[in-house]
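# Per-entry structural report
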Amino acid sequence: MVVGDVTTGTDVLVIGAGPAGYVAAIRAGQLGLDVTLVEKDAYGGTCLNHGCIPSKALISATDVAHEARYAEEMGIHADPDVDFAEMVDWKDDIVEQLTGGVEKLCKANGVDLLEGTATFVDENTVRVSHDGDGQGSETVSFEHAIVATGSRPIEIPNFSYADEPILNSRQALALESVPDSLVIVGAGYIGMELASVFAKLGTDVTVIEMRDSILPGYDDDLTRPVRQRAADLGIEFEFGYTASEWHEHGDDGGIRVLAERAATDGGVAAGETTDTGDALSLEADGVLVAVGREPVSDTLDLAAAGVETDERGFVETDSQARTSTEHIFAVGDVAGEPMLAHKSSAEGAVAAAVIAGEPAAIDHQAIPAVVFTDPEIATIGLSEAEAIDSGFETVTGQFPFQASGRALTTGESDGFVTVVADAEAGYVLGASIVGPEASELIAELGLAIELGATLEDVASTVHAHPTLSESVMEAAENALGEAIHTLNR
């Protein structure tokens, strides 16, 4: 830690050590550049410390307990005793291992690590303030900078995260005990993932959503199996409402959450609800607010460097991740949707390559989106509707997991694989999957899109049997009218 006010210089200054920043820093170091990486909190950013990794650890752990508890049809009769404190320790050990690995990789690739909060002084200088009394600050001059400060949970009126019963996703993942009841505001991917986790731990979960369905932006045929599984877990939904306020209720630390009818917007209907009035009252031990995330750009004084943002605070960039100040780049969540860790890492690698003088550009066409609900959802490329809107004449193929021998042997056969292709040339344009291991299966279709593969290429690739990946091959065969294990469309 640097004490006092000193000045240092670097070729590339990276601000933020999340999936975008640390990848950019390591890649720049590999390309022979002098790199300084500034991080104020923890290496690995939100993803490794408070988001992707801890949430998936808890999803996996609760799935094990839930599957064991409800595996009677396999002849397994069990009632697992879940020690949540031990589960959390296991999750924390994984996080510590991965974040420690990031720090070691950075150092091994010659990246100088600097702890503190960076603020632009001008377009070639930042001031880094070090946390702690007497730690001071230092000035860092740079030839190029990469802004990778990520995002944070959006806070809604009357629900401050400083109040103990009100949780954001980070706080929910750090709970030391399982709440008996929980209200979740927002049925997006974060809300739905954590709804399943807590429901499988025995929490009574109610989800409030202002729209008329879960997972806005995903087709109904993809979300329907997730909605049904949520109902099976006892998760209740109140559609067409927005949370308005809360207050303490009773002597046991419980609270009462009030919600009002959401105004329709752009033709979105309020949707069904179990309450016929204009207001809703729910009792719970806490509230998890999961209504989205916003960019962390307001702490940087970007204006001092001439870097422009849009009205929501996202840094505007071009296809090479350049901002309005040519030698300053922005990558990851702070540079806009989609807010995905793997998209962030890809952008970080592009920015480093461009700075090093290599030809590189961002291509979001083949970026997968995955929701780790139960069952999982994964999409990539164009949907059928998007392909038609883009001028393609399309052909689609689908294979249900109920026809997959491997899916049946796992006890998870809800869902399907759908492949969308250009009818004339057969090129794969997109795909969507809902079902077991969708997050893994989507990679093959991403590679197909990236390489310009055709339906015939996918269908003629011999897949091992019995595997879930056969379902991708079968969907391609179905699009060609050559399906063996399902009826041709």
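Anyway, here's the lowdown on the structure attached to this text. Everything numeric here is computed off the predicted structure, so don't read it as measured data.

## Examining helix α4 (residues 84-108)
Over its 25 residues, α4 extends 36 Å from the first C-alpha to the last, a length consistent with the 36 Å expected when each residue adds 1.5 Å. Among the residues of α4, those classed as buried are Phe84, Met87, Val88, Lys91, Val95, Thr99, Val102 and Cys106. If you follow the buried residues of α4, they end up packed against α1 (19-30), β2 (35-39), α2 (45-50), α3 (52-69) and β3 (111-115). Where α4 starts, the residue carrying a side-chain oxygen 3.1 Å from the main-chain nitrogen of Ala85 turns out to be Asp83. Backbone geometry just downstream of α4 places Gly110 in the positive-phi region, at approximately 80°.

## Some thoughts on the packing of α3 against helix α6 (residues 189-200)
Close contact between α3 and α6 brings their axes to 9 Å; oriented N to C, the two are set at 45°. In terms of axis orientation, α3 runs oblique to α6. Relative to α6, the crossing made by α3 is left-handed. Here α3 contributes Ser55, Lys56, Leu58, Ile59, Thr62, Asp63, His66 and Arg69 to the contact with α6, which in turn contributes Glu193, Val197 and Lys200. When its residues are assigned to classes, the contact of α3 with α6 shows three nonpolar, three polar and five charged.

## Observations concerning the environment of Pro216
Position of Pro216 relative to the elements: it lies in the loop between β10 (204-209) and α7 (220-232). Measuring from C-alpha to C-alpha, the distance between Pro216 and Gly188 comes to 6.5 Å, with 28 residues separating the pair along the chain. Residue contacts for Pro216: discarding those within four places in its chain leaves Ala187, Gly188, Glu209 and Arg211.

## Some details on the pairing of strand β9 (residues 181-185)
Burial analysis of β9 places five of its five residues in the buried class, which makes it a mostly covered element. Residues of β9 alternate between two faces, with Ser181, Val183 and Val185 on one and Leu182 and Ile184 on the opposite face, all of them buried. Across five bridges, the pairing between β9 and β10 is parallel. Residue pairing across strands places Val183 opposite Thr206, the latter belonging to β10. In this fold, the crossover linking β9 to β10 by way of α6 has right-handed handedness. Bridge count for β9 against strand β15 (residues 287-289) is three bridges, and the pairing is parallel. From the neighbouring strand, Val183 faces β15, where its bridge partner is Val287.

Thresholds applied
- Residues numbered from 1 in each chain as written.
- Predicted model: local features only at pLDDT ≥ 70, side-chain atom pairs only at ≥ 80, totals over all residues.
- Heavy atoms only, no water.
- Helix = DSSP H or I, 4+ residues; strand = E, 2+ residues; numbered from the N terminus.
- Expected span 1.5 Å × (residues − 1).
- Buried < 20%, exposed > 50% of the residue type's maximum accessible area, 1.4 Å probe, protein only.
- Contact = heavy atoms within 4.5 Å.
- Polar contact = N/O pair within 3.5 Å; in protein donor to acceptor, adjacent residues only side chain to side chain.
- Axes fitted to C-alpha atoms, helices over the stretch in contact; angles between N-to-C directions.
- Parallel < 35°, antiparallel > 145°, perpendicular 65-115°, else oblique.
- Left-handed = near helix turned anticlockwise from the far one by under 90°.
- Nonpolar A, V, L, I, M, F, W, Y, C, P; charged D, E, K, R; others polar.
- Pairing = 2+ DSSP bridges.
- Right-handed = clockwise from strand over helix to strand, strands pointing away.

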